[in-house]
Amino acid sequence: MLHGKKIIVAITGSIAAYKAALLVRALVKEGCEVQVLMTESAKAFVSPLTFSTLSKKPVFSNIIDGDQWNNHVEMGLWADAMVIAPVTANTIAKCATGQADNLVVATYLSARCPVFFAPAMDLDMWAHPATKSNIERLIAHGARIIPVGNGELASGLVGDGRMAEPDDIVRHLQSYYTERLSFSGKHVMVTAGPTHEAIDPVRFIGNPSTGKMGIAIAESFARRGAKVTLILGPVPSKPPADVKVIHVQSAAEMYAASALVFKESDIAILSAAVSDYTPAHPSSLKIKKEEGPAQLELRRTQDIAQELGKQKKNGQIIVGFALETDHAETHAREKLAKKNFDFVVLNTLEDAGAGFGYDTNKVKFIFPGNVVRAFELKSKVAVAEDICHAVAELMH
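In this report, we go over the structure that sits alongside the text. (Residues numbered from 1 in each chain as written. Predicted model: local features only at pLDDT ≥ 70, side-chain atom pairs only at ≥ 80, totals over all residues. Heavy atoms only, no water.)

### Section: the sheet that holds strand β18 (residues 317-324)
Paired through their backbone hydrogen bonds, the strands of a sheet run either parallel or antiparallel. Spatial ordering of the open sheet is given by β14-β13-β10-β15-β18-β19-β21-β22, a layout of eight strands whose pairing is mixed. Among the strands making up the open sheet, the edge pair consists of β14 (244-247) and β22 (371-374). On average, adjacent strands in this sheet sit at an angle of 15° to one another, irrespective of strand direction. Summarising the sheet, strand β19 (residues 343-348) and strand β21 (residues 364-367) pair through three bridges and their orientation is antiparallel. Its bridge partner lying in β21, Leu346 is registered against Lys364. Here helix α10 (residues 251-262) sits on the sheet in contact with β10 (187-192), β13 (227-232), β14, β15 (267-270) and β18, set at roughly 170° to β10. (Pairing = 2+ DSSP bridges. Helix = DSSP H or I, 4+ residues; strand = E, 2+ residues; numbered from the N terminus. Axes fitted to C-alpha atoms, helices over the stretch in contact; angles between N-to-C directions. Contact = heavy atoms within 4.5 Å.)

Right, dumping it as structure tokens:
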């Protein structure tokens, strides 16, 4: 799975740097071409000679080395993956905020490949809110965090903060490339964003959805090899470049596009916040202000999820979304049964950091048979990953 992959291993100033030597050796044994980068502080723990011997390549530490420029942009384009192991709290903060004052951070900012972080630090540093915030920011930017281990630390304390073992890091890389193929050959339809129901040429009924959740889901499936069609309502968010995007405005337009794409889809993720009502008689001209109360006659829009649920064929998977304000699980279960979903992604406005406009979400997956899987508040990118994992489990 890793044979022939080009891997950057970046080492920062931690006592766990000795483990990086074992990691480089393991990757070379897997058939990888390994380029080692080191910060200046990392050299205090392990000699660059060790890594150049193991990788059979020179080790780079500075952007400018004498009269030589170590091209971080070129390295970022060359690599199939970048692993920063060990990564200290200091480097995590620099990567999270884009403070490119060394070769490792500059290469991270230039990398177009997946980047894996294997943190190593004392337990209080790992638990500090500043570190947690920086980790969340990295995840939101698409980084993959390899979980820390629990045990005796360099300080003599015992707890979380140990760098993952080299074999575990190799397994994470192998799992990533396995996941990349997990939806190969599958067509995934994702609906996202709000709909705007025209009252007249300058006014509409809508909601504050930004489409961030659906865009993250589309990107996550695309990374795993799926052919993705994103049906996107009017949003300020930039759609992903590696998926097919169909732009729509109204619920009627979203239904027409969804009904067409769904016929050829293996998986449908219905994350759009579709308006339930639309003006019965939209005006072709701007409605002028008049004295007295105004009345607006509304009619129900087509229930896209319910219609697609009726058309669902054997082997197709449909995932619905439910944003609730009260009796959340009860309403989600009703949707699950009524609309023939395989599971519902439930979130509620009662949870801080969840709902419209946030970069984070706190969800529960509601499955048939009263099965519930609850998650903590996390980035929408991480929630999208969880949805992909759940769909993969259903497929198998």
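### Here we look at the pairing of strand β11 (residues 197-200)
Where β11 meets strand β12 (residues 203-205), three bridges bridge the pair, whose relative direction is antiparallel. The residue of β12 that forms the bridge with Glu197 is Ile205. Taking the residues that link successive antiparallel strands as the turn, the β11-β12 hairpin has two residues.

### Some words on helix α12 (residues 328-338)
Residues of α12 that are buried: Ala328, Ala332 and Leu336. For α12, the angular spread of buried residues about the axis comes to 70°, placing them on one side. Exposed side of α12, more than 90 degrees from the buried face: Ala337 and Lys338 are the residues found there. Where the residues of α12 are buried, they touch β18, β19 and β21. Just past α12, the residue Asn340 takes up positive phi, approximately 60°. (Buried < 20%, exposed > 50% of the residue type's maximum accessible area, 1.4 Å probe, protein only. Arc of directions from axis to C-beta.)

### Focus: the pattern of salt bridges
Close approach of charged atoms lets side chains of opposite charge pair. This structure, assessed with the given rule, holds 17 salt bridges. One salt bridge connects Asp342 with Lys312, and the closest N-O pair in it is separated by 2.8 Å. Of this pair, Asp342 sits in the loop between α12 and β19 while Lys312 is found in the loop between α11 (304-311) and β18, placing the two residues 30 residues apart along the sequence. A salt bridge links Arg333 to Glu329; its shortest N-O distance comes to 3.4 Å. (Salt bridge = Lys/Arg side-chain N within 4 Å of Asp/Glu carboxyl O.)

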